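Inside the fold
These are the residues of each chain, in order.
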Amino acid sequence: MTVSAAQDSDDTNGTATVTAAATGHTGASVAVTEADDDGGTTPPVHVDNPYAGADGYVNPDWSAKAAAEPGGSAVANISTGVWLDRIAAIAGSSSAMGLRAHLDEALEQDAANGSRPLTIQFVIYNLPNRDCSALASNGELLIAQNGLNRYKTEYIDPIAAIMGESKYAGLRISTIIEIDSLPNLITNLNVPKCQEAKDSGAYVDGVRYALNKLHAINNVYTYIDAAHHGWLGWDTNFGPAADLFASTVSGTTAGFDSVDGFITNTANYSALREPHFTINTTVNGQNIRQSRWLDWNFYVDELSFAQAFRTTLIQKGFRSNIGMLIDTSRNGWGGSARPAAPSTSTDVNTFVNQSRVDRRIHAGNWCNQSGAGLGERPQASPATGLDAYVWIKPPGESDGSSREIPNNEGKGFDRMCDPTYTGNERNGNNASGALPDAPISGQWFSAQFRQLLQNAYPALP
């Protein structure tokens, strides 16, 4: 799969090949392959945007499952993230490729692609007390049971050792750092496991350790998870989150240089754009922020949030050329339920509900959402400040089980994945909107995949 760039230009002068691509933010992505004295080549330098001018790695495990579904061949060759969500995932199993196997496969795909570089994406996701405010994606490590030390020595160290092997130096390895970790320290300290993560320093220490190890590898790129607009879009969360990211990263060995960017909307459903209203829209004299859907949020969609958050991060000390990623794997919201025009209602709640393309019952709903569709296909430099739209959550992989299912992966049962659940304070005591009969997180969910295909926006050819 080709991750398209907004602009490419090639110039060959006999001693070096330079590929520059517009990045949408300060700086250009430049990959340089220099000739050695013996006629060989050295690996590309660390570029500004690892997605620009590159092809994307196609995970054979996911691709085979997608292709086996009716109509799935239309997307089976799209690049998706590889989730390293437990220690055993590093080595892999008889049913799932491990880290080295994916990297070896990436070398073969890179050789077949010709002169274009190849970008492969891994989710680093195994902090102790992982995803402390949810149950469906809880992990195997606990802070109280030596989890932080195990995270460092049994998880991060082996990953870094394999990624750092010289034979993989020509690959662009993009790492997505610890989904839902640091944002939980801003908003969910009422949950005991989150408070423990804050008081012990385990999340901050773990993220710093991961950055130190991975940034030291020249062809590895690091993107920290920055939640989504429906989580951090209020000023009470937005600024404190940026401050926490800045204090965390400034404490690494390389400081702000250890981070290439941030990612929003990972494994979530927030619409990339709301085409029928902006945050400044008024209805009968009322700003739409007053609607129950927005609930005084300062952002109506993911693109406006990601761009604004990037600006604030730079103000906090991050490099001016950091890039944002947005996971668009499941935020298309197409199909017959997608509004074609703004509502004509003069009631602010009715207007927003009839106009919004995000058809969730509540913006806090996150598990196997009914009615969702595939979003924008992965592409580099799609908008100002964006390194890429990416599919980090592989479409068709469950967010969590709709009922309790015993497993050996440490994954619990979260009522937000139960279609009969009537909610909690975090989703305004609304129904969960989850699909029924879902397996545990990460396992194949055929019904979800078929719905994502049906509701894709842009629609599939």
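First things first, this report covers the structure right here in the doc.

Rules used throughout
- Residues numbered from 1 in each chain as written.
- Predicted model: local features only at pLDDT ≥ 70, side-chain atom pairs only at ≥ 80, totals over all residues.
- Heavy atoms only, no water.
- Helix = DSSP H or I, 4+ residues; strand = E, 2+ residues; numbered from the N terminus.
- Polar contact = N/O pair within 3.5 Å; in protein donor to acceptor, adjacent residues only side chain to side chain.
- Contact = heavy atoms within 4.5 Å.
- Disulfide = S-S within 2.5 Å.
- Core = buried A, V, L, I, M, F, W, Y, C linked by side-chain atoms within 4.5 Å.
- Buried < 20%, exposed > 50% of the residue type's maximum accessible area, 1.4 Å probe, protein only.

1. Things to note about the side chain of Asn188
Among the secondary structure elements, Asn188 is positioned in the loop between α5 (184-187) and α6 (192-200). Of note is the side chain of Asn188, whose polar atom sits 3.3 Å from the side chain of Ser133. Separated by 2.6 Å, the side chains of Asn188 and Asn184 make a polar contact. Setting aside chain neighbours within four positions, we find Asn188 in contact with Ser133, Cys194, Trp231 and Arg426.

2. What to know about the state of the cysteines
Per the counting criterion, the structure on display carries 2 disulfides. Here Cys132 is linked by a disulfide to Cys194, with a sulfur-sulfur distance of 2.0 Å. Between Cys132 and Cys194 the disulfide shows an S-S torsion of about 100°. By sign, it is right-handed. With a gap of 62 residues between them, Cys132 in the loop between β6 (118-124) and α4 (147-163) and Cys194 in helix α6 connect regions that are remote in the sequence.

3. As for the nonpolar core
One finds Leu103, Met163, Phe245 and Phe262 to be the most contacted residues of the largest nonpolar core, which totals 71 residues. In terms of residues, this core owes the most to one element, α4, which gives 8 residues. Excluding residues that lie within four positions of it along the chain, Leu103 makes contacts with Ile120, Phe122, Ile162, Met163, Tyr168, Leu171 and Ile173. If you look at the next biggest cluster of nonpolar residues, it comprises 16 residues, including Ile179, Ile263, Leu325 and Ile392.

4. Observations concerning the side chain of Thr222
Position of Thr222 among the secondary structure elements: in strand β8 (residues 220-225). Here the side chain of Thr222 touches Ser258 through a polar contact of 2.7 Å, landing on its backbone oxygen.

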